[in-house]
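What follows is each chain in one-letter form.
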Amino acid sequence: MSLKSSASTALLALTLSLAPALPGLAEALKIGVVPGAYADAVGVAAEEAKAQGLEVEVVEFSDWNTPNLALDAKDIDLNFFQHQPFMENTEAEKGYDFSVVAPGILQNFGFFSLRHKTLDAIPEGGTVAVANDPVNQGRGLLLLQKAGLITLKDGVGFKGTLNDITANPKNLTFTEVEGPQLVHVTPDVDLAQGYPHFIVASGAFDPTSGLIYSGVEDKIFNVSFVSRAGEENDPRIQQFVTLFHGSQAVKDQIHKSFAGSDKLYVLAWLLK
């Protein structure tokens, strides 16, 4: 072997030995999101992360089941679409083992109507669309109880279902719809549970037109970063979350994604 060949071989070996330490060659962090505010905010943070040497791949899902299926299967490293009660419920149902890494955005969901201007105007026998998953349906029913439209069994909290309604003075008829699709059925019912980020993303109607909203008392329902249990301290995950929380561009994007309205969201990591 020539001296030149020996030098080239040594250089190649040195390069390969250093490869794991080079940030640009690290495996990309894959983050699962749903369309709207969460995808938009993560997308902005991903661009900033790239400048810090962290490659981030944003994977968008159209439903609330696949992001957890993908996380469990190790197709993604992190997801950002669910709150802790939703996560715990799906763990119990599917046998997943996840962990909340850090808080994110508390969305003030509400009830919307394109037919009526007030809750009092909801007619006898009116139609109401609510989320079909256990936790978000329970939250919706609690908000309807707060509005005086129904009464639930004592103590059911956010785990309540349609079967837990004990009083329904207006004889409302309920339809269960997957969360992301609620925005699309709103024109067809008298009242629909709605999530501002989906409404903004669809452009279907004014997300600030809700007849009633949840608020900071619901802080446990902030959409959080979720990883597989035991992987919370992955340096890539910690770097990304730190960047996300500290980025003004991310905060600006979240505000924009929620139609520039402070009544539609709270930055949960700033809550005490």
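Residues numbered from 1 in each chain as written. Predicted model: local features only at pLDDT ≥ 70, side-chain atom pairs only at ≥ 80, totals over all residues. Heavy atoms only, no water.

Draft legend 1. Examining the pairing of strand β3 (residues 78-82) more closely. Within β3, five of the five residues are buried, leaving the element largely enclosed by the surrounding structure. As judged from the three bridges shared by strand β1 (residues 29-33) and β3, these two strands associate in the parallel manner. Residue pairing across strands places Val33 opposite Phe80, the latter belonging to β3. Across three bridges, the pairing between β3 and strand β12 (residues 223-228) is antiparallel. In the strand pairing of β12, Asn79 is matched with Val226. (Buried < 20%, exposed > 50% of the residue type's maximum accessible area, 1.4 Å probe, protein only. Helix = DSSP H or I, 4+ residues; strand = E, 2+ residues; numbered from the N terminus. Pairing = 2+ DSSP bridges.)

Draft legend 2. Seen up close, the sheet that holds strand β13 (residues 265-267). Spatially, the six strands line up as an open sheet ordered β2-β1-β3-β12-β4-β13, and their pairing is mixed. Taken across any chain shown, the strands that pair with only one partner, and hence form the sheet edges, are β2 (56-60) and β13. Taken over all neighbouring pairs, the strand axes of this sheet differ in orientation by 30 degrees on average, direction set aside. Inspection of the sheet shows strand β4 (residues 98-107) paired to β12 by five bridges, in the antiparallel sense. The residue of β12 that forms the bridge with Ala102 is Phe225. Its contacts with the sheet put helix α2 (residues 37-51) on β1, β2, β3, β4 and β12, and the angle it makes with β2 is roughly 165 degrees. (Axes fitted to C-alpha atoms, helices over the stretch in contact; angles between N-to-C directions. Contact = heavy atoms within 4.5 Å.)

Draft legend 3. Spotlight on unusual backbone geometry. The phi torsion at Asn171 lies on the positive side, around 50 degrees, for a residue other than glycine. The residue Asn171 is located in the loop between β8 (165-167) and β9 (173-177) in this model. Residue Asn171 is classed as partly exposed on the basis of its relative accessible area, which comes to 47%. Backbone geometry at Ala259 places phi at a positive 60 degrees, although glycine is not the residue there. On the secondary structure map, Ala259 appears in the loop between α9 (248-257) and β13.

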